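If you want the building blocks of each chain, they are given just below.
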Amino acid sequence: MKRIVVLGAGESGTGAAILASKQGFDVFVSDMSVIKDKYKEMLSSRNISWEEGHHSVDKILNADEIIKSPGIPENAELILKAKEKGIHIISEIEFAGRYTNSRLICITGSNGKTTTTSLIYHIFKSAGYDVGLAGNIGKSLAFQVAEDPHAYYIIELSSFQLDNMYDFHANIAILLNITPDHLDRYDNCMQNYIDAKMRIIRNQTHDDTLIYWNDDPIIKRELKKYDIKAVCCPFSEIKEKGSIGYIEEGEYKIEQPTPFNMEQEDLSLTGKHNLYNSLAAGIASNVEGVKKDIIRKSLCDFPGVEHRLEKVCVVRGVQYVNDSKATNVDACWYALESMKTPTILILGGKDKGNDYNEIKELVKKKCTALVYLGADNTKLHAFFDGMNIPVRDTHNMKDCVQACYELAKPGDTVLLSPCCASFDLFKNMEDRGHQFKELVKSL
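Attention in this report is confined to the structure presented alongside it.

What counts and what doesn't
- Residues numbered from 1 in each chain as written.
- Predicted model: local features only at pLDDT ≥ 70, side-chain atom pairs only at ≥ 80, totals over all residues.
- Heavy atoms only, no water.
- Helix = DSSP H or I, 4+ residues; strand = E, 2+ residues; numbered from the N terminus.
- Contact = heavy atoms within 4.5 Å.
- Buried < 20%, exposed > 50% of the residue type's maximum accessible area, 1.4 Å probe, protein only.
- Pairing = 2+ DSSP bridges.
- Disulfide = S-S within 2.5 Å.
- Axes fitted to C-alpha atoms, helices over the stretch in contact; angles between N-to-C directions.
- Parallel < 35°, antiparallel > 145°, perpendicular 65-115°, else oblique.
- Arc of directions from axis to C-beta.
- Salt bridge = Lys/Arg side-chain N within 4 Å of Asp/Glu carboxyl O.
- Expected span 1.5 Å × (residues − 1).

1. Some thoughts on the environment of V371
Point 1. Summarising the element assignment, V371 is placed in strand 18 (residues 367-373).
Point 2. Each C-alpha atom of the pair V371 and G289 lies 47 Å from the other, and the pair is 82 residues apart in sequence.
Point 3. Contact partners of V371, with chain neighbours within four places excluded, come to I344, L345, I346, L347, R392, T394, C400, A403, C404 and L407.

Structural data, given as structure tokens:
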């Protein structure tokens, strides 16, 4: 019997273990951290062996194949040992893909993945399609394939998940954008990160579709390196040669495969970045045969995504906005670009090699104050303190929100769009966003 070892027992790993067990493999799950109770119960109730708080190397390195959590870096000692032994290492998505014939709509990009994935799922659900949400959001794809199968899956893919995918095949691949992110995981080499993102087009055939942002210089450059077999459906802000989705004279338009148009002002998502997300989602839905009236209605009534430009409330005439998902500089740029009122910007966290020059001009133009929120704000002080904008230095969310409250005037917006990962002070970006919302609502 083939032995499968799963490293990491979160949503992804637990789902992979359940699918592997159902397929008749000898399965062992190992997690260096404490496993959440719900995942322990899911594993134990199916008689799947697991351990927490350590790795039993002898029980791991006798695997025929290892399914690795995307959070574990490729240079982790145990991973290097497994590679030395010639053990094949894959992702949960790669493994799940072996056991489903469902239509797979896959989305990646440095920014906008969650919004676009959620919007496509919203459209498909509204159309009555049998659809599951998977990848970075929703339930584990492997778990759904094992116990809750669907005809369609809308899958958000990070670069980490794409790293360990080899034979996986996306029926529709969506490349939103590629800008610097997670470079600390890629030897501070942008090309390594780009190569990971481009893996989404791997194994596509003439029967598949590739949707991509035609204005992205990196995507346009990289696509020239590949023998693209899929039908290409590029989109752009304005009509240009080759784009089949664009905005023209205030109208949202898709040319193929079925002509579609609606008023841009009717889109529920605002801001330039969301225009791209809406175009990508509309094209994917059009390709899959969703009726025009359903696409139109869904683009109008989509409620948005938590922690992505989420309006929290208005306090004393000040609008507070939670954009905790902005974990890189490019995401913050899009958030600032969409601001229409004087803005107090909250920045900081675990820096991933950020270059703040990208937002420098927008900060000058839009921000009336900056509030730093991090365990170590030295880099922020060095870059922004000389811009003659008031700054406050904080190291927890309570002090941060209080500083914003003191700085803001009626008509201002307080924007949490940190440019950084959250792990220096918070469990994750969701924890950071939830703390912000709770404290703002208690003002």
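2. Focus on the pairing of strand 9 (residues 172-175)
Point 1. Side chains I172 and I174 of strand 9 all project onto a buried face; the interleaved residues A173 and L175 project onto the opposite face, where all are buried too.
Point 2. By the bridge criterion, four bridges tie strand 6 (residues 103-108) to strand 9 in an arrangement that is parallel. For I107, the partnering residue across the bridge sits in strand 9 and is I174.
Point 3. Across four bridges, the pairing between strand 9 and strand 10 (residues 209-213) is parallel. Pairing of I174 across the sheet is with I211, part of strand 10.

3. Describing the state of the cysteines
Note: disulfide means a covalent bond formed between the sulfur atoms of two cysteine side chains.
Point 1. On inspection of all chains with the given rule, the structure shows zero disulfides.
Point 2. This cysteine, C232, is not joined by any disulfide, and C233 carries the nearest cysteine sulfur, 7.5 Å off.

4. As for the packing of helix 1 (residues 11-22) against helix 2 (residues 37-44)
Point 1. Orientation of helix 1 relative to helix 2, taken along the N-to-C sense of each, is 5°, at an axis distance of 10 Å. With respect to helix 2, the element helix 1 is oriented roughly parallel. Along its contact with helix 1, which presents E11, T14, A17 and I18, the element helix 2 presents K38, Y39, M42 and L43.

5. With respect to unusual backbone geometry
Point 1. The omega angle of the peptide bond from Q256 to P257 is -10°, so this bond is cis rather than trans.
Point 2. Within the secondary structure, P257 sits in the loop between strand 13 (251-254) and strand 14 (260-263).
Point 3. Unusually for a residue other than glycine, R316 sits at a positive phi of about 50°.
Point 4. Position of R316 relative to the elements: it lies in the loop between strand 15 (310-315) and strand 16 (318-322).

6. Focus: the sheet that holds strand 18
Strand pairing within a sheet occurs via backbone hydrogen bonds; the two strands may be parallel or antiparallel.
Point 1. Taking strand neighbours across the sheet as the criterion, the six strands line up as 15-16-20-17-18-19 in an open arrangement whose pairing is mixed. Among the strands making up the open sheet, the edge pair consists of strand 15 and strand 19 (391-394). Strand-to-strand, the axes of this sheet are offset by a mean angle of 20°, without reference to chain direction.
Point 2. Pairing geometry for strand 15 and strand 16, over five bridges, is antiparallel. In the strand pairing of strand 16, V315 is matched with V318.

7. What about helix 4 (residues 77-84)?
Point 1. Here helix 4 has its buried residues at L78, I79 and A82. Each buried residue of helix 4 lies within a common arc of 100° when the element is viewed along its axis, so the set occupies one face. Helix 4 presents E77 and E84 as exposed residues on the side facing more than 90 degrees away from its buried surface.
Point 2. Contact partners of the buried residues in helix 4: strand 1 (3-7), helix 3 (57-60), strand 4 (65-68) and strand 5 (88-90).

8. Observations concerning the pattern of salt bridges
Point 1. Enumeration over the complete set of coordinates arrives at 22 salt bridges.
Point 2. With a closest N to O distance of 3.6 Å, K239 and E255 form a salt bridge. Of this pair, K239 sits in the loop between strand 11 (231-235) and strand 12 (245-248) while E255 sits in the loop between strand 13 and strand 14, placing them 16 residues apart in sequence.
Point 3. Of the charged contacts in the structure, one is a salt bridge between E361 and K364, with a shortest N-O distance of 3.7 Å. Linking E361 with K364, this pair stays in helix 14 (residues 357-366), spanning three residues, or about one helical turn.
Point 4. On the accessibility criterion, K364 (45% relative accessible area) is partly exposed.
Point 5. Each member of the salt-bridge network shares a partner with another, and the members are K2, E65 and R98.

9. Description of helix 6 (residues 113-126)
Owing to its 3.6 residues per turn, the α-helix aligns residues three or four sequence positions apart on the same side.
Point 1. For helix 6, with 14 residues, the first-to-last C-alpha span of 20 Å sits near the 20 Å given by 1.5 Å per residue.
Point 2. When you tally the buried positions in helix 6, you get 11 out of 14 residues, the bulk of the element.
Point 3. Among the residues making up helix 6, those that are buried are K113, T114, T115, T116, T117, S118, L119, I120, H122, I123 and F124.
Point 4. With its phi angle positive at about 85°, G128 sits one or two positions after the end of helix 6.

10. Notes on the environment of W333
Point 1. Within the secondary structure, W333 is located in helix 13 (residues 329-337).
Point 2. Residues W333 and S417, 84 residues apart in the sequence, show an inter-C-alpha distance of 9.0 Å.
Point 3. Apart from residues lying up to four places away in sequence, W333 is in contact with E358, I359 and L362.

11. Re the sheet that holds strand 1
Point 1. Sheet architecture is open: five strands sit in the order 3-2-1-4-5, paired in parallel fashion. Each having just a single partner strand, strand 3 (49-52) and strand 5 make up the two edges of the open sheet. Geometrically, the sheet is characterised by an average inter-axis angle of 20° between neighbouring strands, direction not taken into account.
Point 2. Where strand 1 and strand 4 come together, four bridges link them in parallel fashion. Counterpart to I4 in the pairing with strand 4 is E65.
Point 3. In the packing of helix 4 onto the sheet, the strands contacted are strand 1, strand 4 and strand 5, and the crossing angle to strand 5 comes to about 135°.

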